[in-house]
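# A look at the structure
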Amino acid sequence: MMSPLETLPNEVFIIIFSHLSWLEMLTSLWSLNNRINNLICSIVSMNDSKRKSGLIMKDLGLSYNECHSRLLPLLDHSSLLPFCSSIRHMCFDGRNSIDCDSICEWMFFQKNDKKILRFPNLKSLTITQCYLSESLTQSLSVLVQDQLDELTLACDIDMFNDLDYEIPRLQSKYGKLKKLFKYFLRELFSSRSRLTYLRLDIGRCQDVYLIDQCIKLFSPSSQNPVSNKFLPYSTTLCRLYIHIRYTYILEHIIKHVPSLEQLTIKFNRTLHIAPPSISFIEKSSKSNESWFNKVPKLRYFSLKTIILNDLEFTYLKWLLNNLNHVEKLKLHLGSDIIKQADQDIWESPIDANFVQRHCLPDIINKIIYFDFFISCHIRLQPIDVENVVNSFKCHPLFVSRQWANIKCFYNPIVSCLHLFSTYVNPTLRFYNGLVTHSYLFHWPNIQYIAIDLHPSLYVFLQQLDEIFSCVSPIKVYTENYRSCEELDFQSSLAEPFKTLDHLKKNALSTVRYAEFGIPSCNLGSNESAYIGKHLVPFLSIYMPNLHSLHLWRPDDFPWTTIRPDIPNTCFRMNSIRRWIRCLTTPESIVQHVSIFEQDLCQLVEQLKHFVFLHIRGDINHQKVEAYQAMVQNRFPNSRSFVNTSKFSLWL
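Report follows, based on the coordinates. The structure displayed is predicted, hence computed values, not measured ones.

### With respect to the overall build of the protein
Secondary structure summary: the protein contains 26 helices and 22 strands in total. The buried share among the 651 residues of the protein stands at 51%. Considering only residue pairs separated by 6 or more positions, the protein has 76% of its internal contacts joining residues 24 or more positions apart.

### Some remarks on the packing of aromatic side chains
Overall, the coordinates contain 20 aromatic pairs when judged by the stated rule. Aromatic side chains Phe372 and Phe392 sit 6.1 Å apart centroid to centroid with 25° between the ring planes, which places their arrangement in the stacked category. On the criterion of sequence distance, the pair formed by Phe372 in strand 12 (residues 369-377) and Phe392 in helix 17 (residues 384-393) is long-range, its members being 20 residues apart. Of the residues examined, Phe372 reaches a relative accessible area of 2% and is grouped as buried. Residue Phe392 is classed as buried on the basis of its relative accessible area, which comes to 0%. A network of ring pairs unites the aromatic residues Phe370, Phe372, Phe392, Phe398 and Trp403 as a single cluster. Above the face of the Phe108 ring, Lys115 is positioned so that its terminal group lies 5.8 Å from the ring centre. The residue whose ring lies beneath Lys646 is Phe641, and the NZ or CZ to ring-centre distance is 5.2 Å.

### Quick look at the pattern of salt bridges
Scanning the model with the defined rule gives 9 salt bridges in all. Glu327 is paired through a salt bridge with Arg299; the nearest N and O atoms lie 3.8 Å apart. Taken as a pair, Glu327 in the loop between helix 14 (310-322) and strand 11 (328-334) and Arg299 in the loop between helix 13 (275-284) and strand 10 (300-306) lie far apart in primary sequence, 28 residues in all. By relative accessible area, Arg299 is classed as partly exposed at 35%. With a shortest N-O distance of 3.8 Å, Asp555 and Arg553 are connected by a salt bridge.

### Side note on the packing of helix 23 (residues 535-542) against helix 25 (residues 586-606)
At a closest axis distance of 10 Å, the pairing of helix 23 and helix 25 adopts a crossing angle of 10°. One way to sum up the angle between helix 23 and helix 25 is to call them roughly parallel. Packed against helix 23, whose contacting residues are Val536, Pro537, Leu539 and Ser540, the element helix 25 presents Gln602, Leu603 and Gln606 at the interface. Across the contact of helix 23 with helix 25, the residue classes tally to 4 nonpolar, 3 polar and no charged.

Calculation criteria
Residues numbered from 1 in each chain as written. Predicted model: local features only at pLDDT ≥ 70, side-chain atom pairs only at ≥ 80, totals over all residues. Heavy atoms only, no water. Helix = DSSP H or I, 4+ residues; strand = E, 2+ residues; numbered from the N terminus. Buried < 20%, exposed > 50% of the residue type's maximum accessible area, 1.4 Å probe, protein only. Contact = heavy atoms within 4.5 Å. Phe/Tyr/Trp six-rings, centres within 6.5 Å; stacked < 30°, edge-to-face > 60°. Lys NZ or Arg CZ within 6 Å of the ring centre and 35° of its normal. Salt bridge = Lys/Arg side-chain N within 4 Å of Asp/Glu carboxyl O. Axes fitted to C-alpha atoms, helices over the stretch in contact; angles between N-to-C directions. Parallel < 35°, antiparallel > 145°, perpendicular 65-115°, else oblique. Nonpolar A, V, L, I, M, F, W, Y, C, P; charged D, E, K, R; others polar.

Everything listed is a geometric property; what it means functionally is a separate question.
Right, dumping it as structure tokens:
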């Protein structure tokens, strides 16, 4: 007999299932009957085409045991073949798990000593905050050749730090990975890749893009098998979003993407121009060179960067003149808070003439749409804002192109001018209020807050709901506050936590993700060094359902100190220096391993739903293997990662 549930039409099931993740559908509903199976496949395919679903491996609360003991065997079952075939998009996020280390296990299975892709119709792959391994780099190489149309890849900053190791023992470990990574980058911009869309974030990478290595990397004479069998340029890539550190990488890449139609560039803070390029820029800026022959199909160009000085403005102008054949131009420019030398251009009036002279190419016949956002620190009276706006309304170029509808805001607190076209949404989602400056005109839209610890923090917290109604995560920096005496600093900690103590115990019970910055266990006052011991008791009371915890440490990973009390005398600093010198002894390393093990065990025992811990710190390389061995012994059914600046544990 048919149950009442089965009488519901497919449209109702689709609405219900659309509120469930693929994990919930797979573990709860799969194999009930063929109709449910087909609907699940339809939902996954439907959402996947809109990039809302697919196989998303970033859910909070997904444990390592559940992932590898339950889900992977389930995917290998023959009944899941229709589900696997419906997957066209996969997303792996290393911020809430270390699944980036096991991506190969998810995507491939072994059959007759051969790797077979589990998802035959996979076309799009997103990997963020990942630490590339040799096996993952090799797998990505295969996928961009034979499978993927779209790839988003954002590497973990620690990966680049490790690639720069000068210690011989570690050089051998990362030498092969560095070589594979370079070849993979070259492969992305060769005919070996079938990608049509690439989003690549390597903005923190320094070593790979040294000038001589970069030239070798893209030179046809490079000792690379790719250059012998394939064309040294991509014939399919038409959309490229890239976050880079140096300008010359753009100059080399542009030679290898002749089919490019959309190009978005974000520089790591500023236009980092290497010294050998300066004379080249100065000479090239006087020429009429164009990149039309290199990227003739390019119609959209977007650039986001900080401009420090006049030389970088010169480079910007040269770049815009090279790309004057685009139809849509979008710029997001900012100045540095700290005044730099050679800033005559930033000192000139910021108005229509400024934008035409420095933010547009000399020839603009092809440009139809021009969007810009300029944020600069200058001295202006509030009345000047009206004059800035009016300068566009009476400028022949902006009037004739219908680009005169400009908005301008001036923040008198920090003397910061924000100038933007109305086509650009200037609403920022990040508030760095007590660290840098305030954006008064869009406070209600802020979703993320990072602030310094300050005696007035409790006042800020009291007004949080009223001023920042949309905010979700808040990060408080304890290490940046130095304006008070030590005793005043400690007392300033009291008010925020008194405010917190008045909360009901269940006020934060729904929190699943949290970040904390904990002071050093080795430096500072005795009170500061012992703050970390209160972490787990606090979490167990106020956040009992926490799944993921990120800690920011100025030094070692353990948050409970083993430092003895140091009297507050005139010899206090000498005592601290002696303590610091003994931290690398074998006895000290054994003690730190023991206290770190106690911290981890207490965290896991007190928080029953906890699955992921991530710590950013700074340790001596001698402790890496000791911490790794301890974690593997204490938590054998887990996945861990340890290096000198990062610790991760996925339970």
